[in-house]
Amino acid sequence: MATEIVTQKKKEPHSFNVNEIRADFPILKEIVHGKPLCYLDNAATTQKPQAVIDTIVKYYTHQNANIHRGVHYLSELATKEFEDARIKVKDFINASSEKEIIFTRGTTESINLVANIFNKAILKDGDEIIISAMEHHSNIVPWQLIQEQKKIKLKIIPIDDNGDIIYDEFLKLISEKTKLISIVYVSNSLGTINPIEKIIEEAHRHNIPVLIDAAQAIQHLKIDVQKLNCDFLAFSGHKIYGPTGIGVLYGKEKLLESLPPFQGGGDMISKVTFEKTTFNELPYKFEAGTSNIADAIGLGTALDYISRIGLDNIIAHETKILDYATKSLMQIPGLKIIGQAKHKSSVVSFVFDNIHPHDAGTFLDFEGIAIRTGHHCTQPVMDRYNIPATSRASFAVYNTEEEVDILVKGIIKLIEVFN
Ligand code: C6P
């Protein structure tokens, strides 16, 4: 019956027990090539807890309708669930208002949204955007697309051999022509945690807004946008145990008010005539068309899930796993870790003396181990280290030291077979 909504049993907060957490993720019981799945590709996407899967099934089974449009029961219910999810995002990153939370398809769309509206409203020939040498392609290409229309300059903060940005070089790049600093919080190929507090403070001394790509930070670090004082922040739902196809752009209310819409269509308007259209209030001005309702609600459940475990617990656990993995991998002769910054999060990239990363990835797959190999959509990082690709193990809340041991055993076998 449509009106009968299945209520989920409220769970008690987790005291941190990794086996209990693993039990929440049904996919972790899968057998791959006859071996238990050892999933170490969490920077690409995280697995989903049963609660998120249940939320999506429940939505399509009992709640599905279009939002913001109908006066009927289901439409009002779906609207409430969707807007509740927005409030959960707002609370999770401590934004000051839900007007500052725009639902997008993911980090990529969030960055493209900012690039698009900056291009429309702010950027002129001669203007400059600062990014870093460790950006994901989704924080490089949107700015290059603008360069096809306008003579804007992309200035790149260099990185050192460890994978840290060279802060003094960053200071030299700032000029009166800088219109935005757009920088990754945690590098997906090096694991570096950038000193974004310092960068934001410096940028604001020059009245320059800052966009933070938090795709690899939102699931591993505590983010308080008011404390950080960033102007924009982008992340994807699927990297924080939520569904694919949903993401967030946080923007300061005043800034968003002053900028034009991204796309045109339903929901983002206030009044349309053939002569003139006026736009809806925030955040709807930036959400044209029917939103990804089910997955926004699923993201809300993922954030509830994380909050129940507690980010402090997650950070402590993931730090332990990263340290253990780094120490274990460093002992393997012929393996070199790429990215040895002082502050790192949940990613270890490595190369071998004479084994191509793709061969390593394929070999380990047959051991049931899922890692990512390639350039990780950061080709300039590969160029910086003069390598074609890396193998990357990336960790999440459900990974264990035993899984690190399985990875190490698999690599030792790989080296024996290939040498
Ligand atoms: N990195 C990885 O395996 P989307 O695809 O929009 O959800 O996220 C894009 C993105 C942006 N910034 C950073 C730092 C990222 O790591 C990613 C996605 C994945 O590393 C897929 S390439």
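You'll find the structure just up there.
Residues numbered from 1 in each chain as written. Predicted model: local features only at pLDDT ≥ 70, side-chain atom pairs only at ≥ 80, totals over all residues. Heavy atoms only, no water.

Visitor: I'm lost on the site of the ligand in this one. Help?
Guide: The environment of the ligand is made up of 17 residues, and the closest members are Thr108, Asp213, Gln216, Ser236 and Arg372. With respect to the ligand, the backbone of Thr107 contributes an N or O atom lying 3.5 Å from an oxygen atom. Within the side chain of Gln216, a nitrogen or oxygen atom sits 2.7 Å from an oxygen atom of the ligand. Across the shell around the ligand, the residue classes tally to 5 nonpolar, 8 polar and 4 charged. Inspection of the shell around the ligand shows a minimum of three residues originating in each of domain 1 (18–48 + 310–418) and domain 2 (52–308). (Near = heavy atom within 4 Å. Polar contact = N/O pair within 3.5 Å; in protein donor to acceptor, adjacent residues only side chain to side chain. Nonpolar A, V, L, I, M, F, W, Y, C, P; charged D, E, K, R; others polar. Domains from an automatic or database assignment.)

Visitor: It is not clear to me how the pairing of strand E8 (residues 210–213) should be interpreted in this structure. Could you clarify?
Guide: Residues in a regular strand point their side chains to alternate faces of the sheet. Burial along E8 is two-sided: the face carrying Val210 and Ile212 and the face carrying Leu211 and Asp213 are both buried. Where strand E7 (residues 178–184) meets E8, 4 bridges bridge the pair, whose relative direction is parallel. Bridge pairing links Ile181 to Val210 in E8. Read as a crossover between parallel neighbours, the route from E7 over helix H7 (residues 196–205) to E8 is right-handed. Sheet topology places E8 next to strand E9 (residues 232–236); 3 bridges connect them, and they run parallel. By the bridge assignment for E9, Leu211 is matched with Phe232. (Buried < 20%, exposed > 50% of the residue type's maximum accessible area, 1.4 Å probe, protein only. Helix = DSSP H or I, 4+ residues; strand = E, 2+ residues; numbered from the N terminus. Pairing = 2+ DSSP bridges. Right-handed = clockwise from strand over helix to strand, strands pointing away.)

Visitor: What is the right way to read the environment of Val417 from this model?
Guide: Considering the arrangement of structural elements, one finds Val417 in helix H14 (residues 401–418). Sequence separation between Val417 and Asn66 is 351 residues, and the spatial gap between their C-alpha atoms is 56 Å.

Visitor: I keep staring at helix H2 (residues 50–63) and nothing clicks. Help me out?
Guide: Each turn of an α-helix holds 3.6 residues, which means side chains three or four residues apart point in the same direction. Between the first and last C-alpha of H2 there are 18 Å, a value that for 14 residues agrees with the 20 Å anticipated at 1.5 Å per step. Within H2 the residues assigned to the buried category are Val52, Thr55, Lys58, Tyr59, His62 and Gln63. An end-on view of H2 places all buried positions within 125° of arc, on one side of the element. When the buried face of H2 is taken as reference, the exposed residues oriented beyond 90 degrees from it are Val57 and Tyr60. Contact partners of the buried residues in H2: helix H3 (73–93) and helix H10 (293–309). (Expected span 1.5 Å × (residues − 1). Arc of directions from axis to C-beta. Contact = heavy atoms within 4.5 Å.)

Visitor: Explain the environment of Asp84 here, please?
Guide: Along the chain, Asp84 turns up in helix H3. C-alpha separation for the pair Asp84 and Leu233, spaced 149 residues apart in sequence, amounts to 20 Å.

Visitor: How do you make sense of the sheet that holds strand E14 (residues 347–352) when you look at a structure like this?
Guide: Across a sheet, strands are paired by hydrogen bonds formed along the backbone, either parallel or antiparallel in direction. As summarised here, the arrangement of the 4 strands in space is E13-E14-E17-E16, forming an open sheet in which the pairing is antiparallel. Every interior strand has two partners, whereas the edge strands, strand E13 (335–338) and strand E16 (372–374), have only one. Put simply, the sheet's adjacent strands are angled 30° from each other on average, direction ignored. Of the strand pairs in this sheet, E13 and E14 are connected by 4 bridges, and their pairing is antiparallel. Counted as the bridge partner of Ile338 is Ser349 from E14. The sheet contacts of helix H12 (residues 357–365) involve E14, E16 and strand E17 (390–394), and relative to E16 the element is tilted by about 160°. Against the sheet, H14 touches E13, E14 and E17, its axis set at about 10° to E14. (Axes fitted to C-alpha atoms, helices over the stretch in contact; angles between N-to-C directions.)

These values are about where atoms sit, not about what they do.
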